[in-house]
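Take a look at the letters that make up each chain.
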Amino acid sequence: MIRIPTQERPHWRKQADEYGFRFHTMYGQAYWDETAYYQFTLQQIEQQIEDPSAELHQMCLQAVDLVVSDEYWLNKFQIPEAFWQSTADAWRDQTPSLYSRLDLVFHKDKPVKLLENNADTPTSLYESGFWQWLWLEDMVNSGKISKSADQFNSLQEKLIAQLQVIQHWYKADTLHFACCQDTEEDRGTVQYLQDCASAGNINNRFLFIEDIGLADTGYFTDLEDNAIALLFKLYPWEFMMQEEFGSAIIESPTQWIEPMWKAILSNKALLPLLWKMFPNHPNLLPAWFEEDLASASESKLVKKPLFSREGANISVLENGEVQHSVDGPYGEEGFIYQSWYPLPKFGDNHTLIGSWLVDDQPAGISIREDIQPITQDLSRYLPHIIL
Amino acid sequence: MTTETKSGAKRSRALNREQYRKQHQIKPLSVGIASVFLAAACSDNRQEAMVFTSLNDCQYQLPDYAEQCQMAYEKALAEAAETAPKYGSQADCEHEFGSDQCVVYRNESGNSWFMPLMAGYIIRDLLEPRRYSQPLFTSYSRYSPYRYRWIGAGGYDYGDFRKRELKVSKSYTKPPAVNRTINRGGFGSSVRAKSSWGKSSSRSGWGG
């Protein structure tokens, strides 16, 4: 894994306009950054990222299997009791999932380490499946990168295929897509999935999460009062379960992508549970629940809220003192602790790998960079190649 | 576990870039919505649908069902106005669909666009009250990959435009058509609560 500075394509901002990629710059700062790229060997991709990702994912599914049938763990994961049965049913029915992203720390010649699993509402999907693919094509066509270069990125192909599988599984006539208002990044991610659905000849419609209605038939509805048979929601399960419509989910015939059992995988309680289930696994970092913290011998720990996203409310503790912390709205639900493991540094940049899975299969990677040691929602996105 | 993918490219083979282009669309949804759907290559799951090139064509073929032809035609025409690709200039539209193949479309706020003529429509379950009826377009432009093809509003290519029977998927289970929405806005409160923290005017997503 090396970082190679390069020239930006002169036309990329115009191209971004053409393709509707609107969030490449956020809050006046670059988000998409093609002033450099990362280069991996095929062996690094396959042996150090792809195979461990598949294995970690299977371990996570074993954790779901344990949690759904055990009240102790359902409590630990703060799944509201009203949803225990529905969550277990969704798992036993093997309701299909679309995608997830494992955040990994990659150091040359060492096993990758799992930082967390973004299994319910992962983003940076468009940048990964489509935009960095276009970047490589342009760079190869203009002779800046070797024709033999490849990329670990079969996301788009797999997304189209899996959306068709899910539609067929539920026999749904139309697939609805929803995200929250006022966020270009989420809207762009959902539009990309809609485009993938269209490419797979799946009827699809969009609505905002805030506009969802509830009908006398028990179905959730769109703004035209159409019943929603199947909804992709870029909105966390733990929010939905607590909100006004939450109790209506249980009896509703409306079906969901991601399925409800993903509430277990996107929960940070997964990390200490995995460490209990697979102690000393080479791809796991030691992790503890609050009450087990006494058994931690590490002097440097990362404290994470159960429900946090994009680095919010994470703090780094050294001998009990806060070294770094990130503000945010999470934390009232409790915390877990994970052994500190630094991201690799390339110059001033700390680099994190996102490893995608679609239909339980490894499907590609995304790379985020930050000057800070904890990557956040504004960390820059850089493309990669295999050579 | 990954041996199958270990030979050959690690990336998607070929992306249909055009399908993901946004510039010509008047709204972000126009590619996606109301497109004709097909089952994923399951031959047992498809059934025949009929294609007509005009209202007269339908009524001539099916004289006993003139009224149903009319209703299906009007439904397809309305769908065409909503979902056809829209262009800012006649030249752009004709480049894609051929000369004299484009008409003016005016939306409610009075803006004018150019869109291709509906070249045909596809009907299934003609006798059902909730019959399936969708517009079809074709191109006569030698610059277009759609030349002499039946194209659905979603960009799906049904093949040669001389075909009068097309296979579309059997109806998947449709949720009840009549829903009375009794409450709206019951999702999203967590976001409102958490948004009061942090960035002032805007924020990034709730994904991770």
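Right above here is the structure, for reference.
Residues numbered from 1 in each chain as written. Chains lettered and ligands numbered in written order. Predicted model: local features only at pLDDT ≥ 70, side-chain atom pairs only at ≥ 80, totals over all residues. Heavy atoms only, no water.

### So, the overall build of chain A
Which entries qualify depends on this criterion: A run of DSSP states H or I qualifies as a helix once it reaches four residues; a run of E qualifies as a strand once it reaches two. Both are numbered from the N-terminal end. Here the radius of gyration uses the C-alpha set of atoms, whereas the globule reference equals 2.2 Å times the residue count to the power 0.38. Three labels apply to residues, based on accessible area from a 1.4 Å probe with only protein chains included: buried if under 20% of the type maximum, exposed if over 50%, partly exposed otherwise in between.
Helix and strand content of chain A: 11 helices and 22 strands. Computed over C-alpha atoms, the radius of gyration of chain A comes to 21 Å, within 12% of the 21 Å expected from 2.2 N^0.38 for 387 residues, which places it in the range of a compact globule. Oriented by its inertia axes, the alpha-carbon framework of chain A measures out at about 60 × 55 × 35 Å. Scored against the burial criterion, the 387 residues of chain A give a buried share of 68%.

### Some words on the nonpolar core
Formally: Residues enter a nonpolar core if they are buried and are Ala, Val, Leu, Ile, Met, Phe, Trp, Tyr or Cys, with the set joined through side-chain atoms within 4.5 Å. Residues count as neighbours in contact if any of their non-hydrogen atoms are within 4.5 Å of one another.
If you look at the biggest cluster of nonpolar residues, it comprises 75 residues, and the most contacted ones within it are Phe40(A), Ile49(A), Phe77(A), Phe220(A), Ile249(A), Leu274(A) and Phe187(B). The dominant element in this core, judged by the number of residues it contributes, is helix H2 (residues 42-68) of chain A, at 10 residues. Beyond its immediate chain neighbours, meaning those up to four positions away, Phe40(A) contacts Met1(A), Ile45(A), Ile49(A), Ile353(A), Ile365(A), Ile367(A), His384(A), Ile385(A), Ile386(A) and Leu387(A). Core analysis: the second largest hydrophobic core is formed by 52 residues, Phe23(A), Leu134(A), Phe206(A) and Ala363(A) among them.

### So, the side chain of Gln48(A)
Residue and element names in this part refer to chain A. Quick note on the threshold: Polar contact is defined as a pair of N or O atoms within 3.5 Å, subject to the rule that within protein one atom must be able to donate a hydrogen and the other to accept it, and that residues adjacent in sequence are counted only when both atoms are side-chain atoms.
Positionally, Gln48 belongs in helix H2. Taking the relative accessible area as the measure of exposure, Gln48 reaches 15% and is therefore buried. Within the structure, the side chain of Gln48 is placed 2.9 Å from the backbone oxygen of Lys110, a separation counted as a polar contact. Not counting the four nearest positions on each side in its chain, Gln48 is found in contact with Gln43, Phe106, His107, Lys108, Asp109, Lys110 and Val112.

### Notes on the environment of Gly155(B)
Summarising the element assignment, Gly155(B) is placed in the loop between strand S6 (149-152) and strand S7 (157-160). Each C-alpha atom of the pair Gly155(B) and Phe137(B) lies 9.2 Å from the other, and the pair is 18 residues apart in sequence.

### A short note on unusual backbone geometry
Residues and elements named next belong to chain A. With omega at -5°, the peptide bond leading from Ile257 into Glu258 counts as cis. Take Glu258: it is sitting in the loop between strand S12 (255-257) and helix H10 (262-265). Even without being a glycine, Lys171 presents a positive backbone phi close to 50°. The residue Lys171 is located in the loop between helix H6 (155-170) and strand S7 (175-179) in this model.

### Overview of the pattern of salt bridges
Residues and elements named next belong to chain A. Basically, it comes down to this: Take a side-chain nitrogen of Lys or Arg and a carboxyl oxygen of Asp or Glu: if they are within 4 Å of each other, that pair is a salt bridge.
For the structure on display, the rule yields 24 salt bridges over all chains. A salt bridge links Arg9 to Glu34; the nearest nitrogen and oxygen atoms lie 2.6 Å apart. Taken as a pair, Arg9 in the loop between strand S1 (2-5) and helix H1 (12-19) and Glu34 in the loop between strand S3 (29-30) and strand S4 (36-40) lie far apart in primary sequence, 25 residues in all. A single burial state applies to Arg9 and to Glu34, both of which are buried.

### Observations regarding the state of the cysteines
Residues and elements named next belong to chain B. Which entries qualify depends on this criterion: For the purposes of this analysis, a disulfide is any pair of cysteine sulfur atoms at a distance within 2.5 Å.
The full count for this structure, using the stated rule, is two disulfides over all chains. Here Cys58 engages in a disulfide with Cys69; their sulfurs sit 1.9 Å apart. Judged by the sign of its S-S torsion, about -70°, the bond between Cys58 and Cys69 is left-handed. Within this pair, whereas Cys58 is found in helix H1 (residues 55-61), its partner Cys69 is found in helix H2 (residues 66-83), the two being separated by 11 residues in sequence. Accessibility classification places Cys58 together with Cys69 in one group, the buried group. In this model, Cys93 is linked to Cys102 through a disulfide, with the two sulfur atoms separated by 2.1 Å. Because the torsion about its S-S bond is -90°, the bridge between Cys93 and Cys102 counts as left-handed.

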